[in-house]
Amino acid sequence: MKRKHSFAAILSAIGMAALAVACSSGNTAAPESTDTLRGASQGHFQIGVALPTRALNNKEASAIAAKHFNRVVAENEMKWDTIEPQEGKFNFAPGDQLVAFAQKNGMAVHGHCLVWHSQTPAWVFRGEDGKQVTKEVLLKRLKNHITAVLTHYKGKVATWDVVNEAFNDDGTLRRSQWSNILGPDFIKTAFEMAREVDPDITLIYNDYSMPNDSKRAGIIKYINEANKDKKVIDGIGLQGHWDLNYPNAELAERTIKECAATGCRLVVSELDLNTNRGFRNSGRGLERVEGANDANISDMNRALRDRYAEIFKIFCKYQDSIDAVTVWGIADNYSWIRGEPLLFDSKLQAKPAVDAVIKVLNEAPKKKSDKGFDFFGLF
Ligand code: XIL
């Protein structure tokens, strides 16, 4: 018995030494099976998934997450309304549960999100008298929130969406309580506050409809101005709430190229493909049918397989700029939208899209540059 134990101890020591060597040599990743998404994605970009607490608490769903993904983001649990529901009263427990899960399974955690017009409690913008707060008060609350959250997750969460969805489709600044009270500088200010608390994390601006030319132009202009003298915004999150047709390959590539030209790192942060927008597979490729409904789609899984493969090929083509691709939900029954937008179905079965994406990742050449996020030496 004793001998057996000491043999195991030796083996474990060798394992630890190997791990130490792997970690000390920078981005060297332990080889993983290439028949999972997380294994196949090595050398390209991290592959992430949004998990709400109820997915984390579901054995099957969380097992799929750990098997196929090496990056997680809280679907709601790190938003202001959960983390600071009342002024100065912080609730980190749901976020901490996700961090513990990630650490146990060798996954990076992405933080979402510090400043947003949505899922932010009313108290943030109101004084005790019920009236709108002054700029000074709101800045103080913002700083308190950012400082508390980033201090709590220091060393555990390497990348953060600092500001989420601050622009309109026409490229102008969205009217929100943030922009109304603080003015357009609120975005830059939030990034500066975050940088001051933790200089080591990657700070991201995250938004949807990035393929919309006017919206993208407005965001890029803001980022370039903010970064003129020194880098304030490190990354751009392209949410990727896309569908079977939109954006087409040309537009997706243009979007990625123009965003990468800012010098920011890129992530595809909330990928899902809306299957309810009226498309059919004509046999000549997917075609838009105005006013059509799902009944026109003969084989949604086939359409999704081809479309996921198409966009992952594009992500691989631009992988020197893209550090992570994250899907917004583990399976269709966890999705925030109706339909069949994700890689796993409502019975938690892998769709044909999973194998297709794995194949694309395995066949694509690996990343040439070693630029990219430093995930505390994890990857
Ligand atoms: C969504 C969640 O998925 C839902 O559960 C919640 O009710 C609303 O928010 N853009 C974002 C995400 O940045 O935070 C949103 O998540 C989806 C759109």
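In case you missed it, the structure is sitting above this.
Rules used in this analysis
Position labels on residues start from 1 in each chain and follow its written sequence. In view of the model being predicted, local features appear only for residues whose pLDDT reaches at least 70, and side-chain atom pairs are presented and counted only at 80 or more, with totals across whole chains, interfaces and linings using the full set of residues. Hydrogen atoms and water are omitted, and side-chain values are computed over all heavy atoms in the structure. Every helix listed is a DSSP run of H or I at least four residues long, and every strand listed is a run of E at least two residues long, numbered separately from the N terminus. Residue exposure (1.4 Å probe, protein chains only): buried if accessible area is under 20% of the type maximum, exposed if over 50%, otherwise partly exposed. The working definition used for a salt bridge is a side-chain nitrogen of Lys or Arg within 4 Å of a carboxyl oxygen of Asp or Glu. At least two DSSP bridges between two strands are needed for those strands to be called paired. It suffices for a single heavy atom of a residue to lie within 4 Å of a molecule or strand for the residue to be listed as near it. Between N or O atoms, a polar contact is any pair within 3.5 Å; within protein, one atom must be a potential hydrogen donor and the other a potential acceptor, and residues adjacent in sequence are included only when both atoms are from side chains. Reported accessibility uses the Shrake-Rupley method at a 1.4 Å probe radius. Residues are deemed covered only where the shown protein chains occlude them. Three residue categories are used. Nonpolar comprises Ala, Val, Leu, Ile, Met, Phe, Trp, Tyr, Cys and Pro, charged comprises Asp, Glu, Lys and Arg, and polar comprises the others, including Gly. Think of a 1 Å grid over just the protein atoms. A cavity is a set of points where a 1.4 Å probe fits yet cannot get out, a pocket is an open set with protein on both sides within 12 Å along at least five of seven lines, and lining residues have an atom within 4 Å of a point. Grid points are joined across faces, edges and corners, and a volume is the space filled by probe spheres set on the points. To form a nonpolar core, buried Ala, Val, Leu, Ile, Met, Phe, Trp, Tyr and Cys residues must be joined to one another through side-chain atoms within 4.5 Å. When checking whether two residues touch, look at their non-hydrogen atoms; a contact exists if any pair is within 4.5 Å.

K.L.:
Teacher, can you tell me more about unusual backbone geometry here?
P.N.:
Comment: phi is negative for the bulk of residues other than glycine, and the bulk of peptide bonds are trans. Cis geometry is found at the peptide bond from H112 to C113, where omega equals -5 degrees. Tracing the chain through its elements places C113 in strand β3 (residues 108–115). Residue Y246 is joined to P247 through a cis peptide bond whose omega torsion reads -5 degrees. Inspection of the secondary structure assignment puts P247 in the loop between β7 (241–243) and α11 (249–260). Phi is positive for E165, close to 55 degrees, though the residue is something other than glycine. Take E165: it is sitting in the loop between β4 (159–164) and α8 (177–182). The phi dihedral of S209 falls on the positive side, at around 55 degrees, and the residue is not glycine. Counting through the fold element by element, S209 comes out in the loop between β5 (202–207) and α10 (213–226). With relative accessibility at 26%, the residue S209 sits in the partly exposed group.

K.L.:
So what exactly am I meant to see when it comes to the pattern of salt bridges here?
P.N.:
Oppositely charged side chains can pair when the atoms bearing their charge come close. With the rule as written, the count across this model stands at 20 salt bridges. In this structure, K367 and D323 form a salt bridge, with 3.5 Å as the shortest nitrogen-oxygen distance. On the criterion of sequence distance, the pair formed by K367 in the segment after α13 (352–363) and D323 in strand β11 (residues 322–327) is long-range, its members being 44 residues apart. A single network of salt bridges, built from pairs that share partners, joins D213, R216, E250, R254 and E258.

K.L.:
Explain the pairing of strand β2 (residues 71–74) here, please?
P.N.:
Each regular strand carries side chains that alternate between the two faces of the sheet. Residues of β2 alternate between two faces, with R71 and V73 on one and V72 and A74 on the opposite face, all of them buried. Here strand β1 (residues 46–51) runs beside β2; their pairing, made up of 4 bridges, is parallel. Looking across to β2, one finds that G48 is bridged to R71. In the sheet, β2 pairs with β3 via 3 bridges, with the strands oriented parallel.

K.L.:
Explain the site of the ligand here, please?
P.N.:
Around the ligand, the structure places 13 residues, and the nearest of them are E75, K79, H112, N164 and E270. A distance of 3.0 Å is found between an oxygen atom of the ligand and a side-chain nitrogen or oxygen belonging to N76. Side-chain polar atom of E270 to an oxygen atom of the ligand: 2.8 Å apart, as the coordinates give it. When the ligand sits alone it has 410 Å² of accessible area, and the protein chains cover 78% of it. In terms of residue class, the shell around the ligand is made up of 3 nonpolar, 6 polar and 4 charged.

K.L.:
Is there a simple way to explain empty space enclosed by the protein in this structure?
P.N.:
Any space left empty among the atoms is revealed by the rolling of a water-sized probe across them. Across all of its chains, the model carries 4 cavities of 30 Å³ or more by this definition. Estimates place the volume of the largest cavity at around 50 Å³. As for the largest cavity, its lining consists of V115, W116, H117, V163, N164, E165, A166, R174, S176, W178 and F186. Residue classes in the lining of the largest cavity are distributed as 6 nonpolar, 3 polar and 2 charged.

K.L.:
Can you walk me through the nonpolar core in this structure?
P.N.:
One recurring pattern in soluble globular proteins: nonpolar side chains tend to sit buried together. Among the nonpolar cores identified, the biggest contains 105 residues, and L271, F312, F315 and I330 are the most heavily contacted of them. Looking at this core element by element, the count peaks at 10 residues for helix α12 (residues 300–317). Residues contacting I330, with those up to four places away along its chain left out, are V49, A50, L51, A55, A61, I64, A65, F69, L342 and F344.

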